[in-house]
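Fold and contact review
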Amino acid sequence: MTDENRPKYNVEIIRPQMTAHDVHLRSKPADPAKLKTLKKALQAFHTLETMAVSIYKFQLTKAPSEFNRQLIVAMCDEMTHLQDFQVKLYEYGFRPAIFCPAYSLLGFIFGFTSRLLGPKAILKTGIWVETRAVKHYAELLETVDWDEQTRKMIEKDQADEDGHINRWRNMLGQIS
């Protein structure tokens, strides 16, 4: 799906409202291949969002700055995505991938290293990671047969990632 065909979402909304009625026990696809694809995709999303939360967490400094405020906003956004995919995993009766904690460690490495290198490195890391995320979202939206509620959630999360890229590019342009 091209950018102009993508649904538009308000990326200023970090935590869309969710009620108890929004949680559903979902039936698994009968086709073993579809089941495997669905599980693998949800685990991939969950794992990568775990890494994203960790990156932003370790890029933060103690300074009371607008830069840190924006990192906190992005971290909160990623935490929402992480919750989105964790809920979906459990709705289908799946569990997070066993190696998920390794991605938290990888996020620490990316986040802390970029923090040591300064604001430009933080922003470039954010742009690089979020660009990869948007492509991964697009690929999985295209190749997995999602139910409508899950598809809309994934599209909103993808729009948020696009918003991060735009924010980081604007900030990078201001400090370059």
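Here we summarise the structure given alongside this text. (Residues numbered from 1 in each chain as written. Predicted model: local features only at pLDDT ≥ 70, side-chain atom pairs only at ≥ 80, totals over all residues. Heavy atoms only, no water.)

1. Focus on the nonpolar core
Judged by nonpolar contacts, the single largest core of 16 residues is most densely connected at Leu38, Leu42, Phe45, Phe85, Trp146 and Ile154. If you list the elements that add at least two residues to this core, you get α1 (32-59), α2 (66-91), α4 (119-143) and α5 (148-175). Leaving out residues up to four positions away in the same chain, Phe85 has contacts with Leu42, Phe45, His46, Glu49, Tyr137, Met153, Ile154 and Asp157. In terms of nonpolar packing, the next biggest core, distinct from the first, is built from 14 residues, Tyr56, Leu71, Ala74 and Trp168 among them. (Core = buried A, V, L, I, M, F, W, Y, C linked by side-chain atoms within 4.5 Å. Buried < 20%, exposed > 50% of the residue type's maximum accessible area, 1.4 Å probe, protein only. Helix = DSSP H or I, 4+ residues; strand = E, 2+ residues; numbered from the N terminus. Contact = heavy atoms within 4.5 Å.)

2. So, the pattern of salt bridges
Evaluation of the coordinates by the stated rule reveals 6 salt bridges. With a shortest N-O distance of 2.6 Å, Glu91 and Arg26 are connected by a salt bridge. With Glu91 in helix α2 and Arg26 in the segment before α1, this residue pair connects regions lying 65 residues apart in the sequence. Residue class for Glu91 comes out buried when judged on its relative accessible area of 4%. (Salt bridge = Lys/Arg side-chain N within 4 Å of Asp/Glu carboxyl O.)

3. Observations regarding the packing of α1 against α2
It is at 8 Å that the axes of α1 and α2 come closest, and there the two elements cross at 155°. On the basis of their axis angle, the class for α1 and α2 is roughly antiparallel. Relative to α2, the crossing made by α1 is left-handed. Here Leu42, Gln43, Phe45, His46, Glu49, Thr50, Ala52, Val53, Tyr56, Lys57 and Gln59 of α1 lie close against α2, whose contacting residues are Leu71, Ala74, Met75, Glu78, Met79, His81, Leu82, Phe85, Gln86, Lys88 and Leu89. (Axes fitted to C-alpha atoms, helices over the stretch in contact; angles between N-to-C directions. Parallel < 35°, antiparallel > 145°, perpendicular 65-115°, else oblique. Left-handed = near helix turned anticlockwise from the far one by under 90°.)

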